[in-house]
Amino acid sequence: MRPSGPGALLVIVPAYNEEGAIAQVVESVHTHVPGVPVLVIDDCSLDSTIGVARRAGAEVLALPHHLGLGGCVQAGYKLAHELDFDYVIRVDGDGQHDARDIPRILDRLRTSGCEMVIGSRFDGENGSQSGAVRSLGIRFFRMVLRPILGKPVHDPTSGFVGVNRRALDLFTRSFPLEYPEIEALVVLQRKRFRFEEVPCRMRPRLAGRSSITALRSLYYIVHVLLGVFINVLRFEGRRRPPAEEKED
Amino acid sequence: MDHLLNVTTGLSVLLLAIVLLSVRRAHIRPEYSVTWLIAAGAMLVLSRVRPLLELLRRLSGLPDTPLTLFLMGAGVFLIMVFRFSVILSHLRDDNIALAQRVAILEYHVRSQREP
């Protein structure tokens, strides 16, 4: 697996016990973005995720023990960084993200110059495509993040995320390890990096169950709030480039 | 009061013995046993040298000696728990970085083997 040239894209798929969905996810990426390598990062699954992913045509980065989502995604970022990919788009291994949206995220990354593009289930005409509890959580974190980020974010919990080389360089050194999506936005903000959202289709997971149960939702909220707060305390206070300052 | 101090002495000696045995059997690494040994030693000294305990009680302005002993013990163990949380956090970070490194190296090795 090598970058095909300047501006090369790698699609990473963090997966834990996703043998029921991973083949379809990999094949879908190959169908809609042909020629783009797919790297499945297996977080020490107990099932046959690795074998299924390889048979579907993906490269596999197999972690020696379970690290959790953040550690898993960061391992993919580190390998992509080492292999000199310029863009990395993360697609979840449960099949919730539609590979047809990958070209739009890549296009926005290339044209906007921002460091991260989020595939949003709310942005634009799609409206909400999530359950009641998740919608409530998203609304809560939108309110929390609005003053910190200095701009609204419609879907801060989305894992459908593309990053460019600058964000990749940052995330290989500093990346939240447990529930990374929301905290990663604050990590970006610490460096005064920019993000944008593009509307994307979200589907129910193809197989398996979400690891975030009702009880864990409370832990999730407390953990993420703490992570956001800690990252705000670490804020480096760097000045924005002059062009960005003018925009404000 | 004497009974309380005797119990504290007994517990401190027991803790010292357990820690030393654990170090001997390599269940605890020596660098992590030092904190436990200091804590057990401090509790032993406080429970045997009564004037020192009285001095601490006066300095802290607490109403009675047993409470002073209890708070000192609780304080020492809270500090130790915090210290071990710091150590654990560092170890976890190192462990994650190592696991990621191992996975990436294994990936490169596998890539070299395959045509």
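### Observations concerning the pairing of strand S3 (residues 59-62) of chain A
With four bridges joining them, strand S2 (residues 38-42) of chain A and S3 of chain A adopt parallel strand pairing. Bridging across to S3 of chain A, Asp-42 of chain A finds its partner in Ala-62 of chain A.

### Quick look at the interface of chain A and chain B
If you look at the interface, chain A gives 13 residues, while chain B gives eight residues. Of all the secondary-structure elements, those providing two or more residues to the side of chain A that touches chain B are S3 and helix H3 (69-82) of chain A. Of all the elements, H3 of chain A adds the most residues to the side of chain A that touches chain B, at six residues. When grouped by side-chain class, the residues that make up the side of chain A that touches chain B number eight nonpolar, three polar and two charged.

### Here's the deal with the packing of helix H3 (residues 50-60) of chain B against helix H4 (residues 65-113) of chain B
All names here are of chain B. It is at 9 Å that the axes of H3 and H4 come closest, and there the two elements cross at 90°. If you check the angle between H3 and H4, you find them roughly perpendicular. Each of Leu-53, Glu-54, Leu-56, Arg-57 and Ser-60 in H3 lies in contact with H4, whose residues at this interface are Thr-65, Thr-68, Leu-69 and Met-72. Taken together, the residues of the contact of H3 with H4 sort by class into four nonpolar, three polar and two charged.

### Quick notes on helix H4 (residues 102-112) of chain A
All names here are of chain A. Three or more residues of H4 are buried, namely Ile-102, Ile-105, Leu-106 and Leu-109. Around the axis of H4, the buried residues are gathered within 100° of arc, so they sit on the same side. Its buried side turned inward, H4 meets strand S1 (9-15), helix H1 (22-32), strand S4 (87-90), strand S5 (116-120), strand S6 (161-164) and strand S7 (195-199). Phi for Gly-113, located one or two positions after H4, is positive at around 80°.

### As for unusual backbone geometry
With phi around 70°, Asp-84 of chain A is a residue other than glycine that occupies positive phi space. Classification of Asp-84 of chain A as partly exposed rests on a count of 13 C-beta atoms within 10 Å. Residues other than glycine seldom take positive phi values, yet Ala-26 of chain B does so here, at roughly 65°. Inspection of the secondary structure puts Ala-26 of chain B in the loop between helix H1 (2-24) and helix H2 (30-48). Since 8 C-beta atoms lie within 10 Å of it, Ala-26 of chain B is described here as exposed.

Thresholds applied
For every chain, the first residue of the written sequence is number 1, and numbering continues from 1 along that sequence. Chain labels run from A onward and ligand labels from 1 onward, assigned in the order the entries are written. A pLDDT threshold of at least 70 governs which residues receive local features in this predicted model, and a stricter bar of 80 or more applies before side-chain atom pairs are shown or counted, although totals over entire chains, interfaces and linings include all residues. At least two bridges found by DSSP between two strands are what make those strands a pair. Each helix is a run of H or I in the DSSP string that is no shorter than four residues. Each strand is a run of E no shorter than two, and both are numbered from the N terminus. Placing a C-beta atom from the backbone of each residue, one calls two residues in contact when those atoms lie within 7 Å. Each residue gets one label: Ala, Val, Leu, Ile, Met, Phe, Trp, Tyr, Cys and Pro are nonpolar, Asp, Glu, Lys and Arg are charged, and the others, such as Gly, are polar. All axes are obtained by fitting lines to C-alpha atoms, using only the stretch in contact for helices, and the reported angles, taken between N-to-C directions, cover 0 to 180 degrees. Roughly parallel here means an angle under 35 degrees, roughly antiparallel means over 145, roughly perpendicular means 65 to 115, and every remaining angle is called oblique. Remark: C-beta atoms are placed from the backbone, and a residue is labelled buried if 20 or more other C-beta atoms sit within 10 Å of its own, exposed if 12 or fewer do, or partly exposed between those counts. This arc corresponds to the set of directions leading from the helix axis out to the C-beta atoms.

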